[in-house]
Structure formats: C-alpha cells, structure tokens
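Structural characterization, general
Here's the letter readout for the chains.
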Amino acid sequence: MSTLSLEEQIHRVVSDLREETTIPGQYGLPTSVHQRMAQTRTPALSVGVIDKFEVAWTRTFGTLAVGAEPARANTPFQSGSISKPVFALAVMKLVETGVIDLDTDVNDYLKSWRLPERDGWQPRITLRQLLSHTAGTTIHGFPGYPASGPWPTTPQVLRGAPPANTQPVVVDILPGTQHRYSGGGTTIAQQLVVDVTGTPFPELMRKLILEPIGLTDSSFEQPPPSAFAKRAARGHPLNCTEIEGGHHVYPEMAAAGLWTTAADLTALGVEMMRSLRGDVSKLGLAPETVSSMLRPQLPAQEIGQEFVGLGWFCAGKDQNFRFFHHGWDHGYVATMLMLPAIGKGAVVMLNSNQGSMLRGEVMAAVGREYGWPVLQDIPEISEVVPDVAYAGTYESVNRKVGVAQQSNRLLIEFSCQRELAVYPAVAGDFVAKALNLRLRFAGDDTARPSELTVVTGNKTELFKRID
C-alpha cells in the first residue's frame, strides 16, 4: 500500500511521461508534462484519475490558447468521438423506459429523414447495429464547420445536402455482418431519438445524462453559448495555430459534439463502474443494462478480444477488462479508459491535434503509478534460449534467411542486411529489440523446427527449413 501523499503521486505521474516508440516495450526517457506540452505544441491539457471507484484527482495544465488565461478544472474541451458512448448511455435510458427498442428497424422510428432505398432494396438496420458500428453505414467522421457558419441541419448532413461538407450517409455493406466505424451511423441514431422524443438533442442529453450525474461543465450545444465558449479551451490543429473563431461547430452532436472536462468524464466513469457492480449510481441504469453495453455484438466476437459493444470499445478480460473511447475533433483530442474490475481509470483531454501522443503517455504514467495491469502486448524477455536446433537456413517464396545461435540470443540474417539479434520471449516467440520484428518457430519435430514465421510491421511471411 502506497505511503505517498496525493500530491506526491500526482507529481510522480506528471514527471514520468515517456515518449512511445514504434517498437513494443521501448520508450523515451521520463519527461515532465510541461516539457512534453512544449515539444508537441499543446497549449492546454487536463487529466482526471480514478482509483478505488472514486475520483482520485484532476489537474489542468497550460492556457486556454497561446498567451491566454490559464486553463482550469472547469475548462471545457471538445471531446470528439467520446460523445458517442455518452450518447449510447442516453439511448439505453430510452430503451429501459420502453420509448425505443434496440432491434427495431430504424425506419419505423425516423420521421425527419429516412434511410433511402437503393436499386429497389430497402436496408433494414437497428439501433443496436448503429451503436456498435455494425450497420454497414458510411462516413467515418466529420470535419466540423467554421464557427462563423453556415451549419447544416442533421437531415442535411444525412442527405449530404448543402451546406453539409460530407457525402450522404448510406448503407453500402450488408448490415450486421462486420464492424466498420461510422459517425454517419451515429448521426442516424441522433435523428432517431429526436424524432421519437420531439426534444432538441442538447436538451435531451442534458435531461437524460448530464443533469442526473451532475456534469455541470458539459454540454452538447453546438455552437456553445457565448458564456460557455468564453471559458473553453480553444482548438489548435498544428504549431499552436488557433482555429479561427476558437473551434469548429459540429451539428453531428451525438458523434462529435460533446463539450466537457476531464473532471466530468471521470465522474461519469465512476458512476458507470459503480452501476456495473450494483452500487447506488447517479447514472440511473440497471447493472444488467450497463453490462449489456460492454458485450460483443457480432457472433464471431468474444470477451478478451478487442470489440465494440454499444457505444464503447472493449478489450481484455478479468482484471484486465477495460472499456474506452478516443476522441478527435479539429484542434482537440481526448481519451477515456476504465478498468471496472479494479475500479481504476483515467481521462486525458487537450487542445492540440499535434499533441495526440500525449494521451497514451499520460495514461501509461497513470497506469505505472496506480498499478494497472499491462494493457499492451509487450513481450517479456527470457534469459535462456531453449535447447532447440533453431540454427539453419530457411526459405520463403521470395528469399532466404539464415539463423544462428549465439549465447542467450539468435542472430537472423536477411539478404542485404547485417545480422539482427532476436531474444527469447517468455511466451515462446523471439523478438528483436532494434526494430518491430517477431519470430515464431514450428514443426512436427519440436527439437528441430521445420518452419519459421517472421512478423514485421503488418507483414507476416512463412519460411521453410531447407538445410
């Protein structure tokens, strides 16, 4: 049990940002949050940490914009696609009260716009599919609109009609068969709940989610009210260049329109985790309902793999099970990750697309300090090479490689390259430290493998022993 004070723990986190490399398990030297913000041209960054099913702390660094006043705990940022799972929670409230059904054809609900027929075929899609990105709908994400306007209505966005700056939202792959991320699908769901309830979307979200949980610094209003916008962090895509007007406007509110704070999102995460374990929660959803949002929605998916539930991305199992979402709007990035089995999590928000890597760096620093399980597939190196005759020559369709053994490692030689050292991993593979490369030996004779699989980057190549 840690004997450090809270301030000491915070200092350790914000002094221990390690720049990620493309090689698993390798990082830069520890650096402070202020140094990394300066290096990545990020004016403001806000962090919220959950421990033991409670908000442990929140801190905000930097300024609303370059040369502006300091950012504070109640400084709102655009959260980008974190809007989607927050919206999904509202949908589940409407499902619980019988207002809508997850598995009914959306065209049975839509009034302001309807999913169009194509070549005599009328696709049938459901809210379940829209929330899990399995409806086969188009439009990955939205670029937003200048603060000065003009801004399209939601039906104009769905039709791709001026002044919308994206194509029409259509179904172009068979619904319910595969995952494909679609902000367009989320926008269909937004129009559906507005048509069914007759309530403007920002007001509906305020009544269903923001107000009950007490998220007083959050709003789905697009554009935000002037007083709210005045205290918000202003967006910076690159090189500390502020967006004209401070931010873009997102009529696609369910997909990308939530203004919020790290403090508010950590409060939301706490309420979700409390609900999952059956504690009293301001969320107002049954534990079974929240749990159902964190299950696979396609037959081939299962717990332990990465999948999309209803609104949330999920990965891992048991103590390592986590639900999460990332966000990216013009000039803003964010991430939110919760570990419900152990009551831990964190939120990171910043107002610079150039600083996107800070999300993972801050999350990793929090995880090290608060004893999170390892969330990445980082190989553990063994000190001993197994007593197996790995050495030899192996050939693929296009080339040969030579493998030699040297003490506690193997040396692999590709044509036109110097010998590369690879080390035994506890899991049974061999991994390089110099670059992103993994070797896997196999064959009927385990003492003398007949096959070698080389995985480097996104390429997998099979070699057969020829000596």
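Right, let's walk through the structure included here. (Residues numbered from 1 in each chain as written. Predicted model: local features only at pLDDT ≥ 70, side-chain atom pairs only at ≥ 80, totals over all residues. Heavy atoms only, no water.)

1. Remarks on helix α1 (residues 6–14)
- Every buried residue belonging to α1 is among Gln9, Ile10, Val13 and Val14, and all of these are buried. Here the buried residues of α1 occupy an arc of 125° about the axis, which is enough to place them on one side.
- If you follow the buried residues of α1, they end up packed against α2 (33–39), β2 (54–62) and α12 (357–370). (Buried < 20%, exposed > 50% of the residue type's maximum accessible area, 1.4 Å probe, protein only. Helix = DSSP H or I, 4+ residues; strand = E, 2+ residues; numbered from the N terminus. Arc of directions from axis to C-beta. Contact = heavy atoms within 4.5 Å.)

2. Focus on the packing of helix α3 (residues 83–96) against helix α6 (residues 183–197)
- Where α3 contacts α6, the two axes come as close as 11 Å, and the packing angle between them is 35°. Here α3 and α6 pass one another in a crossing that is left-handed. Seen from α3, the contacting residues are Lys84, Phe87, Val91 and Leu94; seen from α6, they are Gly183, Thr186, Ala189, Gln190, Val193 and Thr197.
- For the contact of α3 with α6, a count of residues per class yields five nonpolar, four polar and one charged. (Axes fitted to C-alpha atoms, helices over the stretch in contact; angles between N-to-C directions. Left-handed = near helix turned anticlockwise from the far one by under 90°. Nonpolar A, V, L, I, M, F, W, Y, C, P; charged D, E, K, R; others polar.)

3. Overview of the side chain of Ser219
- Residue placement: Ser219 occurs in the loop between α7 (201–213) and α8 (226–230).
- Assessed through its relative accessible area of 9%, Ser219 is described here as buried.
- In terms of polar contacts, Ser219 uses its side chain to reach the backbone amide nitrogen of Glu221, at 3.0 Å.
- In this view, Ser219 contacts Leu210, Phe228, Gly257, Leu258 and Trp259; residues no more than four positions away in its chain are not counted. (Polar contact = N/O pair within 3.5 Å; in protein donor to acceptor, adjacent residues only side chain to side chain.)

4. Focus: the packing of aromatic side chains
- Counted by the stated rule, this structure contains 11 aromatic pairs.
- Both rings, one in Tyr390 and one in Phe430, keep their centres 5.0 Å apart while their planes meet at 80°; by these two values the pair is edge-to-face. Of this pair, Tyr390 sits in the loop between α12 and β12 (392–395) while Phe430 sits in strand β16 (residues 430–432), and the two are 40 residues apart along the sequence. The same class applies to Tyr390 as to Phe430, namely buried.
- Seen in terms of ring centroids, Tyr394 and Phe441 are 6.0 Å apart; in terms of plane orientation they differ by 65°. Their pairing is edge-to-face. Residue Tyr394 is located in strand β12, and its partner Phe441 is located in strand β17 (residues 437–442); the two are separated by 47 residues in the primary sequence.
- Taking the relative accessible area as the measure of exposure, Phe441 reaches 16% and is therefore buried.
- A cation over a ring is seen here: Arg277 above Phe53, with NZ or CZ 3.6 Å from the ring centre.
- A cation over an aromatic ring shows up here: Lys433 above the ring of Tyr423, its NZ or CZ 4.3 Å from the ring centre. (Phe/Tyr/Trp six-rings, centres within 6.5 Å; stacked < 30°, edge-to-face > 60°. Lys NZ or Arg CZ within 6 Å of the ring centre and 35° of its normal.)

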